[in-house]
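Spelled out from the first residue to the last, the chains are:
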Amino acid sequence: MLLLRCLVLALLALGFARPFLKDRSAPPDTAGLPRRTVVLVDASASMRRDNLWADARDKAAAAIRQAAPGDEVSVMAFSRRVTPVFRFDEWKSAPAGERAALAIARLGDVKPDWSSTHLGQALVQAAESLAEADAASAAGPCRIVLVSDIQEGDRKSTRLNSSHVALSRMPS
């Protein structure tokens with residue numbers, strides 16, 4: 001009887017410990033699934049320095065060109081506000097061979113303004129955009145490509161430590 005009580009207590013302890021046990025199953029295989037990417041480009045006043053804006057556009061264009069035919073890309077510029085430059089629905093409705101060129105051309109129309117950077121707000125809006133796109137299409141990996149000089153004064157810049165954010169920091 002004592003052995004049975006000990007067994008019940010051990011099972012109870014294991015049951016409560018379950019959330020703390022590591023999941024050893026393999027992550028889902030996302031190879032071959034279409035990827036959704038938001039390219040966030042910093043268009044704040046700090047990007048007016050030297051050649052930063054031209055470098056930022058080049059890095060954003062490189063990220064856009066990496067898209068496979070089935071992928072979806074959205075481009076957003078941000079400073080104090082987030083401005084959609086090229087949305088997921090525009091990407092999907094454009095001819096497959098012209099999508100990247102259209103998005104890059106639209107990005108060419110954007111210029112840095114004189115506002116401060118609100119990186120946290122931009123990341124939240126990018127994540128919301130990915131969530132909306134996720135609900136509207138098949139499941140696949142999502143990522144945010146951030147092209148910024150990540151100014152020290154932005155409180156959120158020290159918290160960026162995610163495998164879903166591909167950082168592209170411009171030299172200071």
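Up top is the structure these notes are about.
Everything in this summary refers to the structure shown in the same document. (Residues numbered from 1 in each chain as written. Predicted model: local features only at pLDDT ≥ 70, side-chain atom pairs only at ≥ 80, totals over all residues. Heavy atoms only, no water.)

## Quick notes on the pairing of strand β4 (residues 142-148)
Walk down a regular strand and you will see the side chains alternate between the two sheet faces. Put simply, the rule reads: Note on classification: 1.4 Å probe, protein chains only; a residue is buried when its accessible area is under 20% of the maximum for its type, exposed when over 50%, partly exposed between these limits. Helical segments are the DSSP runs of H or I of at least four residues, strand segments are the runs of E of at least two, and each set is numbered from the N terminus. Two strands qualify as a pair provided that DSSP identifies no fewer than 2 bridges between them.
Of all seven residues in β4, six are buried; the element is thus mostly enclosed. Of the pairings in the sheet, the one linking strand β1 (residues 36-42) to β4 comprises six bridges and is parallel in character. By the bridge assignment for β4, Val-38 is matched with Ile-144.

## Concerning the pattern of salt bridges
Defined as follows: Any Lys or Arg side-chain nitrogen located within 4 Å of an Asp or Glu carboxyl oxygen qualifies as a salt bridge.
Applying the stated criterion to the full structure yields four salt bridges. Via salt bridges that share partners, Arg-87, Asp-89, Glu-90 and Arg-106 belong to a single interconnected network.

## Details of a nonpolar patch on the surface
Condition: Each patch is built from residues lacking any salt bridge and having more than 30% relative accessible area; the joining distance is 9 Å for like charges and 5 Å for nonpolar side chains (Val, Leu, Ile, Met, Phe, Trp, Tyr). Here the accessible surface of atoms and residues is derived via Shrake-Rupley with a 1.4 Å probe, and residues count as covered only by protein chains that are part of the display.
Together, Met-1, Leu-4, Leu-7, Val-8 and Leu-11 line one region of the surface with nonpolar side chains, adding up to about 540 Å² of accessible area. The residue Leu-7 is located in helix α1 (residues 2-17) in this model. The class for Leu-7 is partly exposed, based on a relative accessible area of 49%.

## Some points on unusual backbone geometry
With glycine set apart, most residues show a phi of negative sign, and most peptide bonds adopt trans. One non-glycine residue, Asp-50, lies in positive phi territory at about 40°. For Asp-50, the location among the structural elements is in the loop between β1 and α2 (52-65). Taking the relative accessible area as the measure of exposure, Asp-50 reaches 80% and is therefore exposed.

## Notes on the environment of Ala-62
You can see Ala-62 is positioned in helix α2. The sequence separation of Ala-62 and Ile-104 amounts to 42 residues, and the corresponding C-alpha distance is 9.3 Å.

## Describing the pairing of β1
Going by this rule: When the strands point away from the viewer and the connection leading from the first strand across the helix to the second strand turns clockwise, the crossover is called right-handed.
Of all seven residues in β1, seven are buried; the element is thus mostly enclosed. Residues of β1 alternate between two faces, with Arg-36, Val-38, Leu-40 and Asp-42 on one and Thr-37, Val-39 and Val-41 on the opposite face, all of them buried. Between the parallel elements β1 and strand β2 (residues 72-78), the chain passes through α2 in a crossover that is right-handed.

## Digging into the side chain of Ser-44
Basically, it comes down to this: Polar contact criterion, stated in full: a pair of N or O atoms within 3.5 Å, where within protein one must be able to donate a hydrogen and the other to accept it, and residues adjacent in sequence count only if both atoms are side-chain atoms. For this analysis, residues touch if any pair of their heavy atoms sits within 4.5 Å.
By the secondary structure assignment, Ser-44 is in the loop between β1 and α2. Among the polar contacts listed, one links the side chain of Ser-44 to the side chain of Asp-42, at a separation of 2.7 Å. Within the structure, Ser-44 has its side chain in polar contact with the side chain of Thr-117 (distance 2.8 Å). Apart from residues no more than four positions distant in its own chain, Ser-44 is found in contact with Phe-78, Ser-79, Pro-112, Asp-113, Ser-115, Ser-116 and Thr-117.

## Describing the nonpolar core
Rules: Here the nonpolar core consists of buried residues drawn from Ala, Val, Leu, Ile, Met, Phe, Trp, Tyr and Cys, with membership extended through side-chain atoms lying within 4.5 Å.
Counting 22 residues, the largest nonpolar core has Val-39, Val-41, Trp-53, Ile-64, Val-75 and Trp-91 as its most contacted members. Contributing elements (two or more residues each) for this core: β1, α2, β2, β3 (82-86), α4 (99-108) and β4. Of the residues forming this core, the biggest block, six residues, is contributed by α2. Once residues within four sequence positions are removed from consideration, Trp-91 is found in contact with Ile-64, Ala-67, Asp-71, Glu-72, Val-73, Phe-86, Arg-99, Ala-100 and Ala-103.

These figures come from the coordinates and say nothing about function on their own.
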